[in-house]
Every structure is written in structure tokens, then in C-alpha cells.
Amino acid sequence: QVQLVESGGGSVQSGGSLRLSCAASGGNLRNDAMAWFRQAPGKEREFVAGARRTSSFLGYGDSVKGRFTISRDYAKNTVDLQMNNLKLEDTAVYYCAAGRGAFSTLAGASGYVYWGQGTQVTVSS
């Protein structure tokens with residue numbers, strides 16, 4: 001059974017940076033997409049960024065383009081999210097996800113079957 005464990009969340013001031021990491025165990029995810037989603041209180045879960053080497057999928061949510069960067073280490077089964085120029089509206093619980101959904105589903109939660117427990121990111125002014 002694949003397990004995903006996130007780390008690196010915390011509190012930061014607006015304009016600051018954080019780096020999230022997700023480590024997968026229990027399976028080889030070389031052919032899976034791995035992604036980051038986030039969910040703020042009272043809001044739906046939102047796609048942040050995702051990548052999959054097969055099918056050359058690399059995508060970002062509109063609200064984070066140019067500020068966040070996703071990177072994968074396929075040998076180590078890890079995926080990181082570098083978050084720069086953080087804004088108040090980036091405050092949320094961030095979730096790591098993995099799955100083999102069709103290409104058209106990879107920017108949505110339906111493309112993923114494995115989820116981490118989430119890590120809190122809080123941006124303050």
C-alpha cells in the first residue's frame with residue numbers, strides 16, 4: 001500500500017518562501033503522476049501543481065504560476081514544492097497526491113488515488 005508523507009509546512013510572512021516535501025513508500029511511483037493540492041477552510045480542494053514523466057505532464061494552478069515550482073526525484077520517490085512570494089491567500093492545508101489517472105484528469109482530484117495526511121501552511125501579513 002502506497003503511503004505519502006508530507007513535511008515542510010509552517011508559518012511564514014507574506015512574501016516569504018517555504019519548501020514542502022513528500023516522500024512515498026510502499027510502491028514505485030515512476031509511472032504515476034504526483035501532485036500537490038491545497039484546501040483552505042470553507043473552500044474546495046484546489047490543484048496546485050503536478051508532474052508525470054510519462055505523457056510529459058507538468059501543470060500549475062493559475063493562482064500559483066510563476067511563484068511555485070514542483071520537482072520530482074523519480075529515484076527517491078519524492079516530490080517537492082518550492083513556494084516563493086507567498087501570499088495570504090496561499091494559507092491552506094497542502095496535500096500530496098499520486099495516481100495514474102488519464103492525462104485529462106491530472107489537474108483534478110479524480111486523477112489521484114493516494115493522498116497524504118496534509119501539512120499546514122500559514123501566511124501572515
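Residues numbered from 1 in each chain as written. Predicted model: local features only at pLDDT ≥ 70, side-chain atom pairs only at ≥ 80, totals over all residues. Heavy atoms only, no water.

1. Observations regarding the environment of Asn84
Right, on to step 1. Along the chain, the position of Asn84 falls in the loop between strand E8 (78-83) and strand E9 (92-99).
Right, on to step 2. Sequence separation of Asn84 and Ser125 is 41 residues, and the distance between their C-alpha atoms is 15 Å.
Right, on to step 3. Sequence-distant contacts of Asn84, that is, excluding residues within four places in its chain, are made with Gly16, Ser17, Arg67 and Phe68. (Helix = DSSP H or I, 4+ residues; strand = E, 2+ residues; numbered from the N terminus. Contact = heavy atoms within 4.5 Å.)

2. Some thoughts on the pattern of salt bridges
Right, on to step 1. One pass over the full model with this rule turns up six salt bridges.
Right, on to step 2. Where Asp90 meets Arg67, a salt bridge forms, and the shortest distance between an N and an O atom there is 2.7 Å. Taken together, the positions of Asp90 in the loop between E8 and E9 and Arg67 in the loop between strand E6 (57-60) and strand E7 (68-73) put the pair 23 residues apart, joining distant regions of the chain. Take Asp90 and Arg67: they sit in the same class, and that class is buried.
Right, on to step 3. One salt-bridge network, in which partners are shared between bridges, spans Arg38, Glu46, Arg67 and Asp90. (Salt bridge = Lys/Arg side-chain N within 4 Å of Asp/Glu carboxyl O. Buried < 20%, exposed > 50% of the residue type's maximum accessible area, 1.4 Å probe, protein only.)

3. Here's the deal with the sheet that holds E8
Right, on to step 1. Taken together, the four strands give an open sheet; going across it, the order is E1-E3-E8-E7, and neighbouring strands pair in antiparallel fashion. Unpaired on one side and paired on the other, strand E1 (3-7) and E7 mark the two borders of the sheet. Going across the sheet, the axis of each strand differs from the next one's by a mean of 15°, ignoring polarity.
Right, on to step 2. One ladder, built from six bridges, connects strand E3 (residues 18-25) with E8; its direction is antiparallel. In the strand pairing of E8, Leu20 is matched with Leu81. (Pairing = 2+ DSSP bridges. Axes fitted to C-alpha atoms, helices over the stretch in contact; angles between N-to-C directions.)

4. Comments concerning the side chain of Asn77
Right, on to step 1. Looking at the element boundaries, Asn77 is found in the loop between E7 and E8.
Right, on to step 2. Overall, Asn77 belongs to the buried group, its relative accessible area being 11%.
Right, on to step 3. Setting aside anything within four residues of it in sequence, one finds Asn77 in contact with Cys22, Ala23, Ala24, Gly27, Asn28, Leu29 and Arg30.

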